[in-house]
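Here is what each chain is made of, one letter per residue.
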Amino acid sequence: MYKPFKLPDDFLMGSATAATQIEGGDRNNTWYDWCEKGKILDGSSCLRANDHWNRVEEDVGLIRQLNHRAYRLGLEWSRIEPNNGQFDFSAISHYRNEIEMLIQNGVKPLVTLHHFSSPLWLRDEGEFENEKAVGYFERYTRYVVENLGDLVSEYITINEPNVYVANGYFFGDWPPGQKNLGLALKVFKNMTLCHIASYRAIHEVRKKMGFKGITMVGVANHLRIFDPYSRNPLDLLAAKVMEHMFQGAIVKSMTTGRLRFPIGFGAPMGKGRFFDFIGINYYSRSAVRFKGFKDDVMPNTQRNDLGWEIYPKGLYDLCKKAYKMFKAPIWITENGTCDQEDAFRSDYIYQHLLELSKLSEEGIPVQRYYHWTLMDNFEWVEGESARFGLIHVDYETQKRTIRKSGELYGQICLHNGVTQEMIDNYL
Ligand code: FCB
């Protein structure tokens, strides 16, 4: 059932990580605080994670070994700006050093400015509940781009604002642990304004400083498929409502500057086109029931270790829809699966990339694929127990071991496609 396929020569593949999930050692961010409060299901802490902060060289070596041509990394804001308005040059220099290493190894960096975690001083000011966050985020953006902009031309302003809001302000199991719809909407609005201010600042600084290369800025949007659980028209209605509330309204607000119901109205920062690519983090599908307004899983489907349905066709459908709507390059800024035994990750990668190859054949500009994730890491509230890595990590010894699926993916990156030999050896 497997067949070889090719991806376009200019299609770049690699993997994605986030600072808090791999670095370890920082006590100045909201997730460290959350761990200290005992909120992590397996009792682990991001203070340990992968000790990547001290193992950058080794990890860049692995990135190279896996033939990555692109790598998405996050910056820890709390390290770069440990106190309000006070920047730490040694932190930004550390990232500079890492990025230089990547470039020397032929890997194109994509930098994320905010990936779920915030400095504690910002939290003390209400984080994104406070409109002041917009000015703060812009100032931080400028500092980063002034210091890295000669090396980095590609940025993600904010990772998954919808997941951040849903977990932190609706379900309340992520920091700051709120269950307050009013606040959730306020945060959505302020994050939209943050994105726009940051988008503009990145372009402005890169231009003013005369840095070379086309500047590409976007958001890593967590997009899901929302299908009705049954043929009941009420389920269909609920699926439509949920889709809009979770992703439709925020994506439209951030890309155009015009706030959509229920986030707000009008265009407080002016209308525009605030994206150079559409970033898609794709994992799964929600099967929506009207009864209880529930986000369920389709029966009799393949699931990963966390119970998420594996649904490759969803990636095809989402990209197609996004391209139709935005007419911009599509970057898969995350896609991957939780598979402790490495039993189905290879198949997962094959199936999802196959969908992307179909899109390329249809002329849809899918240009990037960042697999989530390079190595097992601190998976937020799941802690160390949820394993998404191409590389297995023993947290006690910090030993990294490339999984079979990692080897396969390394080969795919090298050949920009799947060959018969790979099928024979890995699938
Ligand atoms: C995404 C997050 C990423 C990781 C994966 C599994 O929602 O952006 O940090 O947790 O899920």
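We now turn to the structure provided with this report. The shown structure was predicted, so the numbers you read here are calculated from the model rather than taken from an experiment. (Residues numbered from 1 in each chain as written. Predicted model: local features only at pLDDT ≥ 70, side-chain atom pairs only at ≥ 80, totals over all residues. Heavy atoms only, no water.)

A closer look at the overall build of the protein
Looking only at helices and strands, the protein features 14 helices and 15 strands. Against the globule reference of 22 Å for 427 residues, the protein gives a C-alpha radius of gyration of 20 Å, in line with a compact fold. With the C-alpha coordinates of the protein rotated into their principal frame, the extents come out at 55 × 55 × 45 Å. Across the 427 residues of the protein, 61% fall into the buried class. In the protein, the proportion of contacts linking residues at least 24 apart, taken out of those at least 6 apart, comes to 75%. Counting only carbon and sulfur atoms, one obtains 52% of the accessible surface of the protein, whose full area is about 16700 Å². Between the centroid of the 51 positive side chains of the protein and the centroid of its 54 negative side chains there is a distance of 7 Å. (Helix = DSSP H or I, 4+ residues; strand = E, 2+ residues; numbered from the N terminus. Rg over C-alpha atoms; globule rule 2.2 N^0.38 Å. Buried < 20%, exposed > 50% of the residue type's maximum accessible area, 1.4 Å probe, protein only. Contact = heavy atoms within 4.5 Å. Areas by Shrake-Rupley, 256 points an atom, 1.4 Å probe, with all protein chains shown as cover. Lys, Arg positive; Asp, Glu negative; His and termini not counted. Charge placed at Lys NZ, Arg CZ, Asp CG, Glu CD.)

A few points about the site of the ligand
Every residue lining the ligand is accounted for by Gln21, His115, Phe116, Asn159, Glu160, His222, Tyr283, Glu334, Trp372, Glu379, Trp380 and Phe388. Within the side chain of Glu160, a nitrogen or oxygen atom sits 2.5 Å from an oxygen atom of the ligand. With respect to the ligand, the side chain of Trp380 contributes an N or O atom lying 3.0 Å from an oxygen atom. Surface burial for the ligand is 96%, taken as the share of its 300 Å² of free accessible area covered by protein chains. (Near = heavy atom within 4 Å. Polar contact = N/O pair within 3.5 Å; in protein donor to acceptor, adjacent residues only side chain to side chain.)

Describing the layout of surface pockets
Of the volumes computed, that of the largest pocket is approximately 1300 Å³. Surrounding the largest pocket, 44 residues form its lining, Ala166, Asn167, Phe171, Phe246 and Asp295 being those nearest its centre. Of all the elements in the fold, those that place two or more residues in the lining of the largest pocket are α8 (161–170), α9 (181–208), α10 (233–256), β9 (285–289) and β10 (294–296). Partitioning the lining of the largest pocket into residue classes produces 25 nonpolar, eight polar and eleven charged. Of the voids in this model, the second largest pocket is the one considered here, and its volume is about 290 Å³. Lining the second largest pocket are 15 residues, with Glu243, Gln247, Gly248, Lys321 and Met325 sitting closest to its centre. Those elements that place two or more of their residues in the lining of the second largest pocket are α10 and α11 (313–326). Sorting elements by how many residues they give to the lining of the second largest pocket places α10 first, with seven residues. Along the lines of polarity and charge, the residues of the lining of the second largest pocket split into seven nonpolar, four polar and four charged. (1 Å grid on protein atoms, 1.4 Å probe; cavity = no way out; pocket = protein on both sides within 12 Å on 5 of 7 lines; lining within 4 Å. Points joined across faces, edges and corners; volume = space filled by probe spheres on them. Nonpolar A, V, L, I, M, F, W, Y, C, P; charged D, E, K, R; others polar.)

Description of the packing of α8 against α9
The axes of two packed helices give the description: the angle between them and the distance between them. Running from amino to carboxyl end, α8 crosses α9 at an angle of 155 degrees, the nearest separation of the two axes being 9 Å. Between α8 and α9, the interaxial angle falls into the category roughly antiparallel. As for the relative orientation of α8 and α9, their crossing is right-handed in sense. On the side of α8, the interface is formed by Pro161, Asn162, Tyr164, Val165, Tyr169 and Phe170, while α9 contributes Leu181, Leu183, Ala184, Val187, Phe188 and Met191. Its residues assigned to classes, the contact of α8 with α9 shows eleven nonpolar, one polar and no charged. (Axes fitted to C-alpha atoms, helices over the stretch in contact; angles between N-to-C directions. Parallel < 35°, antiparallel > 145°, perpendicular 65-115°, else oblique. Left-handed = near helix turned anticlockwise from the far one by under 90°.)

Considerations on the pattern of salt bridges
Taken as a whole and judged by the stated rule, the model has 30 salt bridges. Arg96 is the partner of Asp150 in a salt bridge, and the nearest nitrogen-oxygen pair spans 2.9 Å. Of this pair, Asp150 sits in the loop between α7 (132–148) and β5 (154–159) while Arg96 sits in helix α5 (residues 89–104); the two residues are 54 residues apart in sequence, bridging distant segments of the chain. On the accessibility criterion, Arg96 (23% relative accessible area) is partly exposed. Between Glu407 and Lys404 there is a salt bridge; the shortest N-O distance is 4.0 Å. On the criterion of helical spacing, the pair formed by Glu407 and Lys404 is a turn pair, its members being three residues apart in helix α13 (residues 404–415). Taking the relative accessible area as the measure of exposure, Glu407 reaches 34% and is therefore partly exposed. Each member of the salt-bridge network shares a partner with another, and the members are Asp33, Lys37, Arg123 and Asp124. (Salt bridge = Lys/Arg side-chain N within 4 Å of Asp/Glu carboxyl O.)

Section: the sheet that holds β9
Strand pairing in a sheet relies on backbone hydrogen bonds, with the paired strands running either antiparallel or parallel. The strand order across the open sheet built from three strands is β7-β9-β10, with neighbouring strands paired in mixed fashion. Taken across any chain shown, the strands that pair with only one partner, and hence form the sheet edges, are β7 (225–228) and β10. Shown here is a sheet whose adjacent strand axes are inclined to one another by a mean of 40 degrees, direction ignored. Against the sheet, α10 contacts β7, β9 and β10, and its axis sits at roughly 165 degrees relative to β7. (Pairing = 2+ DSSP bridges.)

Observations concerning α7
Every α-helical turn comprises 3.6 residues, leaving residues that sit three or four positions apart pointing alike. Compared with an ideal rise of 1.5 Å per residue, which puts 17 residues at 24 Å, α7 spans 25 Å between its outermost C-alpha atoms and is within 8% of the ideal. Of all the residues in α7, the buried ones are Ala133, Val134, Tyr136, Phe137, Tyr140, Thr141, Tyr143, Val144, Val145, Asn147 and Leu148. In this structure, the buried side of α7 is in contact with α4 (77–80), α5, β4 (108–114), α6 (120–124), β5 and α9. (Expected span 1.5 Å × (residues − 1).)

Points about the side chain of Asn159
On the secondary structure map, Asn159 appears in strand β5. Excluding its chain neighbours within four sequence positions, the residues that come into contact with Asn159 are Arg72, Thr112, His114, His115, Phe116, Ala220, Asn281 and Glu334.

Details of the packing of helix α12 (residues 345–361) against α13
Two elements in contact, α12 and α13, have axes whose closest approach is 8 Å; the angle formed by their N-to-C orientations is 30 degrees. With respect to their mutual orientation, α12 and α13 come out roughly parallel. Facing α12, whose interface residues are Arg345, Ser346, Ile349 and Leu353, α13 presents Lys404, Ser405, Leu408, Tyr409 and Ile412.

Side note on α11
The first and last C-alpha atoms of α11 sit 20 Å apart over 14 residues, in line with the 20 Å expected at 1.5 Å per residue. Taken residue by residue, α11 has Gly314, Leu315, Tyr316, Leu318, Cys319, Ala322 and Phe326 as its buried positions. Lining the buried residues of α11 we find β7, α10, β8 (278–282), β11 (330–335) and α12. Note on α11: the residue one or two positions beyond its end, Lys327, has a positive phi of about 45 degrees.

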